[in-house]
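Fold and geometry: a report
The chain contents come next:
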Amino acid sequence: MIPKFLTAGPSRRTFLKTAGAAAASLGLPRMALAAGEPIKIGFLAPLTGAVAAWGKPGLDGCEIWAERVNAAGGIQLADGAHPIEFVSYDNEYDPAKARTGATKLIREDGVKFIMMLGGDTWPGVQPVADRTGMLFSTLLPSDLSPETTTLVAPAEVHPIYNVTGVEWLAENKPDLKTAVMCAQDDALGLPSVATYLAAFEAAGIEMLDEPLLFDPATTDFAPVVTRLMAKNPQIICLDTCYSDYVHPICEQLFQQGFKGQIISCTADFYDQMIEKTSKDFMEGFVFQFPDFDDPALNSDAINFQDPNGFYAEYNKRHPGQWGAVSWEYASIMDMWKAAAEKAGSAEPDAVMTAMKDGRGAHAFGDADWWGKDLFGIDNALVGDWPVVAIENGKAVIKEFRSIPDWYNRHGDLMVKHMQAYGQMWDQRG
Amino acid sequence: MRNLSILLVGLAALIALPHALSFSQQEILVFLVINVLLVTSYRLLTLTGEWSLGHVVIMGVGAYASALYTKELGIYVPVSMILGAVTAALLAVLLSFPLFRMKGFYFLIGSFAAGEIIRLIWKRFREPFGGVRGISGIDPMPDFSIGIYQFDFFEPVSYYYFAGAIVIASLWVLWRIEKSPVGLTFHAVHWQDKLAQASGVNLRAYRTLAFAIASGFAGLAGALQGHYVGTVNPNSFDIEVMVFVLTWAIVGGTQTFYGPILGCIVLTVLNEIVLREMGLEQARPLIYGAIMILSILFLPNGLESLVQKATRRKPVAKPEEKAAT
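Remember, it's a predicted structure, so these values are computed and weren't measured experimentally. (Residues numbered from 1 in each chain as written. Chains lettered and ligands numbered in written order. Predicted model: local features only at pLDDT ≥ 70, side-chain atom pairs only at ≥ 80, totals over all residues.)

Overview of the overall build of chain B
Across its full length, chain B carries 15 helices and four strands. Its C-alpha atoms give chain B a radius of gyration of 21 Å, within 12% of the compact-globule value 20 Å for 325 residues. Dimensions of chain B, computed from the C-alpha atoms along their principal axes, are close to 80 × 50 × 45 Å. Counting only residues that meet the buried cut, chain B has 45% of its 325 residues in that class. Long-range pairs, those at least 24 residues apart, make up 74% of the contacts in chain B between residues at least 6 apart in sequence. (Helix = DSSP H or I, 4+ residues; strand = E, 2+ residues; numbered from the N terminus. Rg over C-alpha atoms; globule rule 2.2 N^0.38 Å. Buried ≥ 20, exposed ≤ 12 C-beta atoms within 10 Å, placed from the backbone. Contact = placed C-beta atoms within 7 Å.)

Some remarks on the overall build of chain A
A tally of helices and strands in chain A yields 16 helices and 18 strands. By the compact-globule yardstick of 22 Å for 429 residues, chain A fits well, its C-alpha radius of gyration being 22 Å. The burial tally for chain A puts 53% of its 429 residues in the buried class. Sequence-distant contacts, at least 24 apart, represent 66% of the contacts inside chain A between residues at least 6 apart.

Considering the interface of chain A and chain B
It is common to report an interface's size as the accessible area lost on association of the parts. Taken residue by residue, the interface counts 35 residues in chain A and 36 residues in chain B. Put simply, the parts of the chain that give the side of chain A that touches chain B at least two residues each are α1 (2-6), α2 (12-25), α4 (95-108) and α5 (122-132) of chain A. Element by element, the count of residues in the side of chain A that touches chain B is highest for α4 of chain A, at eight residues.

Describing the domain arrangement of chain A
All names here are of chain A. One can read the domain layout of chain A as domain 1 (2-21 + 34-158 + 311-382) and domain 2 (162-289 + 384-427). Computed from C-alpha coordinates alone, the two centres of domain 1 and domain 2 are separated by 29 Å. Taken together, the contact pairs 21 residues of domain 1 with 25 residues of domain 2. Residue classes in the side of domain 1 that touches domain 2 are distributed as ten nonpolar, eight polar and three charged. (Domains from an automatic or database assignment. Nonpolar A, V, L, I, M, F, W, Y, C, P; charged D, E, K, R; others polar.)

Structural notes on the sheet that holds strand β16 (residues 380-382) of chain A
All names here are of chain A. Read from one edge of the open sheet, three strands run β14-β15-β16, paired in antiparallel fashion. Both edges of this open sheet fall to β14 (360-362) and β16, since each of them pairs with a single strand only. Each neighbouring strand pair of the sheet contributes to a mean axis angle of 50°, computed without reference to strand direction. Pairing between strand β15 (residues 365-370) and β16: three bridges, direction antiparallel. For Asp 368, the partnering residue across the bridge sits in β16 and is Val 382. (Pairing = 2+ DSSP bridges. Axes fitted to C-alpha atoms, helices over the stretch in contact; angles between N-to-C directions.)

Some thoughts on helix α3 (residues 56-71) of chain A
Residues and elements named next belong to chain A. Here α3 spans 23 Å end to end across 16 residues, near enough to the 22 Å set by a 1.5 Å rise per residue. By the burial criterion, the buried members of α3 are Lys 56, Pro 57, Gly 58, Leu 59, Asp 60, Gly 61, Cys 62, Ile 64 and Trp 65. Of the surrounding secondary structure, the elements contacted by the buried residues of α3 are β1 (39-45), β4 (84-90), α12 (307-317) and α13 (328-343). Following α3 by one or two positions, Gly 73 adopts a phi angle in the positive range, close to 110°. (Expected span 1.5 Å × (residues − 1).)

Comments concerning the pairing of strand β5 (residues 113-116) of chain A
Residue and element names in this part refer to chain A. Residues Phe 113 and Met 115 point to one face of β5 and Ile 114 and Met 116 to the other, with burial holding for every one of them. Bridge analysis of β1 against β5 gives four bridges, and the strand direction is parallel. In the strand pairing of β5, Gly 42 is matched with Ile 114. Looking at chain direction, β5 and strand β6 (residues 136-137) are connected through two bridges and run parallel. By the bridge assignment, Met 115 is partnered in β6 with Ser 137. Tracing the backbone out of β5, into α5 and back to the parallel element β6 gives a crossover that is right-handed. (Right-handed = clockwise from strand over helix to strand, strands pointing away.)

Looking at unusual backbone geometry
With omega at 0°, the peptide bond leading from His 158 of chain A into Pro 159 of chain A counts as cis. Structurally, Pro 159 of chain A is set in the loop between β7 (151-152) and α6 (162-172). With an omega of 5°, the peptide bond between Glu 127 of chain B and Pro 128 of chain B qualifies as cis. Among the secondary structure elements, Pro 128 of chain B is positioned in helix α6 (residues 126-129). Located in the positive-phi region is Asn 232 of chain A, a residue other than glycine, with phi close to 55°. Residue Phe 269 of chain A is not a glycine yet carries a positive backbone phi of 55°. Along the chain, Phe 269 of chain A falls in the loop between β12 (261-263) and α10 (270-276).

What about the nonpolar core?
In terms of nonpolar packing, the biggest core is built from 140 residues, with Leu 44, Ile 114, Met 116, Ile 249, Val 351 and Ile 403 of chain A touching the most fellow members. Here this core spans two domains, and each of domain 1 (2-21 + 34-158 + 311-382) and domain 2 (162-289 + 384-427) of chain A adds at least three residues to it. Contacts of Leu 44 of chain A, omitting those with residues within four sequence positions, involve Tyr 89, Asn 91, Ala 98, Gly 101, Ala 102, Leu 105, Ile 114 and Met 116 of chain A. In this structure, Val 39, Leu 91, Ala 221 and Cys 264 of chain B belong to the second largest nonpolar core, which totals 83 residues. (Core = buried A, V, L, I, M, F, W, Y, C linked by C-beta atoms within 7 Å.)

Section: helix α5 (residues 104-124) of chain B
Here α5 of chain B is 21 residues long and its end C-alpha atoms lie 30 Å apart, about the 30 Å a rise of 1.5 Å per residue gives. Summarising the contacts, the buried residues of α5 of chain B are in contact with α3 (55-73), α4 (77-99) and α6 of chain B.

Concerning the domain arrangement of chain B
All names here are of chain B. Each assigned domain of chain B is listed with its residue range as follows: domain 1 (22-236) and domain 2 (238-312). Here the C-alpha centroids of domain 1 and domain 2 sit 21 Å apart. Counting residues at the interface gives 19 residues for domain 1 and 16 residues for domain 2. Contributing elements (two or more residues each) for the side of domain 1 that touches domain 2: α2 (23-46), α3 and α7 (156-179). For the side of domain 1 that touches domain 2, the element with the highest residue contribution is α2, accounting for eleven residues. Residue classes in the side of domain 1 that touches domain 2 are distributed as nine nonpolar, seven polar and three charged.

Topic: the sheet that holds β6 of chain A
Strand-to-strand pairing in sheets goes through backbone hydrogen bonds, with the strands running parallel or antiparallel. All names here are of chain A. With respect to topology, five strands assemble into an open sheet ordered β4-β1-β5-β6-β7, the strand pairing being parallel. Of all the strands in the sheet, just β4 and β7 have a single pairing partner and so form its edges. Across the sheet, α3 lies against β1 and β4, angled at about 165° from β4, the strand it touches most.

Regarding the environment of His 82 of chain A
Residue and element names in this part refer to chain A. Looking at the secondary structure, you find His 82 in strand β3 (residues 80-82). On the basis of neighbour count, His 82 is assigned to the buried category, with 23 C-beta atoms found within 10 Å. Residues His 82 and Ile 39 lie 43 residues apart in sequence; the distance between their C-alpha atoms is 6.4 Å.

Focus: the confidence of the model for chain B
Here chain B shows a mean pLDDT of 91. Residues at 70 or above account for 96%. For this predicted complex, the interface confidence comes out at an ipTM of 0.88, alongside a pTM of 0.86. (pLDDT = per-residue confidence, 0-100.)

Comments concerning the pairing of strand β18 (residues 394-402) of chain A
Side chains on a regular strand alternate between the two faces of the sheet. Residue and element names in this part refer to chain A. Summarising the sheet, strand β17 (residues 384-391) and β18 pair through eight bridges and their orientation is antiparallel. Looking at the pairing, Val 388 lines up with Ile 397 of β18. Counting the residues between successive antiparallel strands, the hairpin from β17 to β18 contains two residues, one of them, Asn 392, with a positive phi of roughly 55°.

A closer look at the packing of α4 of chain A against α2 of chain B
To characterise two packed helices, one gives the angle between the axes of the helices and the distance between these axes. Between α4 of chain A and α2 of chain B, the least distance of the axes is 8 Å, while the angle of their chain directions is 160°. Relative to α2 of chain B, α4 of chain A is oriented roughly antiparallel. Of the two elements, α4 of chain A crosses α2 of chain B, and the hand of that crossing is right-handed. Contact residues: α4 of chain A offers Ala 96, Arg 99, Thr 100, Thr 103, Lys 104, Arg 107 and Glu 108 of chain A, while α2 of chain B offers Phe 23, Ser 24, Glu 27, Ile 28 and Phe 31 of chain B. Classifying every residue of the contact of α4 of chain A with α2 of chain B gives four nonpolar, three polar and five charged. (Parallel < 35°, antiparallel > 145°, perpendicular 65-115°, else oblique. Left-handed = near helix turned anticlockwise from the far one by under 90°.)

Here it is, written out as structure tokens:
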């Protein structure tokens, strides 16, 4: 590699790659893929570092998805069947590296679609998306704005689905009337804080204190938990804390004797949390991401293909690694594949048009393209979302609830709190 | 004449370099060039014996300031970059009042605390700093043509030429400062501070001067990065990034002007190109850490010591010694 790096002139391969990509970027007629030629999909997410837990398990899930699809004959386009191949780039959750990764995936690897976690990394990639017209997906719809016309959020409408957990709690445990909340002070934490505040207000649950925002570099959570428990709340909400925070916070809650209800966006690797605390302590913990061996996912309304088999295969290959994003990127690929087959083409603009034509087949059921109010563009797919609780040491889907129904009743509260935290699309820097 | 030839050949190689690289390597080259300025400016500060943990935050000050000057005041991008650098230098002068009441380890910790305060200010105040999301949609450098070459600053090659010219000019200024009486005084402040003070040298003033110059160039590096990537946020200038700068300086060595540059180039190529191309993407932190430990164990004087060993001239025997043999 170093000799290549230092070569005085371009090699033939570099020249051809450069010329080909330059032609593509200039909008010259695109060359059709040969039948049987693999279609490459980019995976641009953190695979190392603090946020890797929301990237790496997703890539592992995608590889299982690709093997299953390829074994079934690949993707059927107008020119024949093609296998799918994933090309990954570790962006380390850094916008500059995300830009480099997007450039590599589009201009060197020739991918047709790029999946991202989003967040801090999207603004670095947006100029590349604008220039190339590449179709991107994000797990964080707060990246959406009227300018992001080639960005879709088809799997996770974080953090809006968190309202379903609070609503379920209010209906099923009506004696719970007071809450406090903590979150890391970052781009994931703040919109989620606004969402939970709206949900608690809609449910008639009183916030005993302002949300406690801690620095993402925090490692000692004893003082955080002490302050949370000081007002003797019935509910402690852990917002969208990373698993590196959820685990120590739960340990501290256990050690400091909390006996109330915990609600959180995620509970990744909850079996480890049970080991560190106790089965009794974690009983009833409410969150939003199911294990895919749950029988409720075998309903006809579910669009994710063979969730139980996928979960079994994932756990066989990566025991103990199942997390919130293990299935999400794969579910985006289900949608992308359906749209590409409908369009008969893998070209980004054709897939985008087909994807947004009518309702979308979201993993948890058919859903609508939505988001104009909050994101300035209808590029987020919103429908039902599961409420999950830990029962006897195992995550169990308690119910699927409709996000649009909640929003139709309480959308003004959501907008109010989003505005208060500067999270509306027109308030971003 | 020989020096001029070497200079011209070097310049031609730098101009040709991006055309030998792939697109992603060209992107990495842009960031490498910017980081060369960052780490070289850091070395200037270390000449006075002080190691800071806030240098990357100061880089961020330049990036934020330049972004805000263009977004809020509509200032032309190249001018805002210079103003961003000046802002970083002025902030360093301000910070020097509390920080240079400390020395050595205490200065190190103080600089870290100062940097964290600045980062918290960026996070806390959505107006004008954008809060935790930072500022996005920063104006890029406007495209222009010089007849024989059309600068399209979305393209990494164009930005490499632009940033490269600025960095070369900056390195020349830093080099001239180090070789000037002021630079020699920086060395004296580090190695013979009592003697220098006894000779009438105002230690604090020289430390402040080094801090301000180093911060100004770090701010310029930040502005170059901000207008290329199009976004700045507090996490891009945190302690993890600072650790990389320290690593480049330590592995490269700080005794020579080129030591930190060498460290930056070698470690960046290793981390961003070689290990990724070898399919070891997810094992990079492990391998990178191991290489760093090994280099410190076996190359305690840095990579620059290898260059010094390779280029050291053998002593030429005197004529009478030759006759005797």
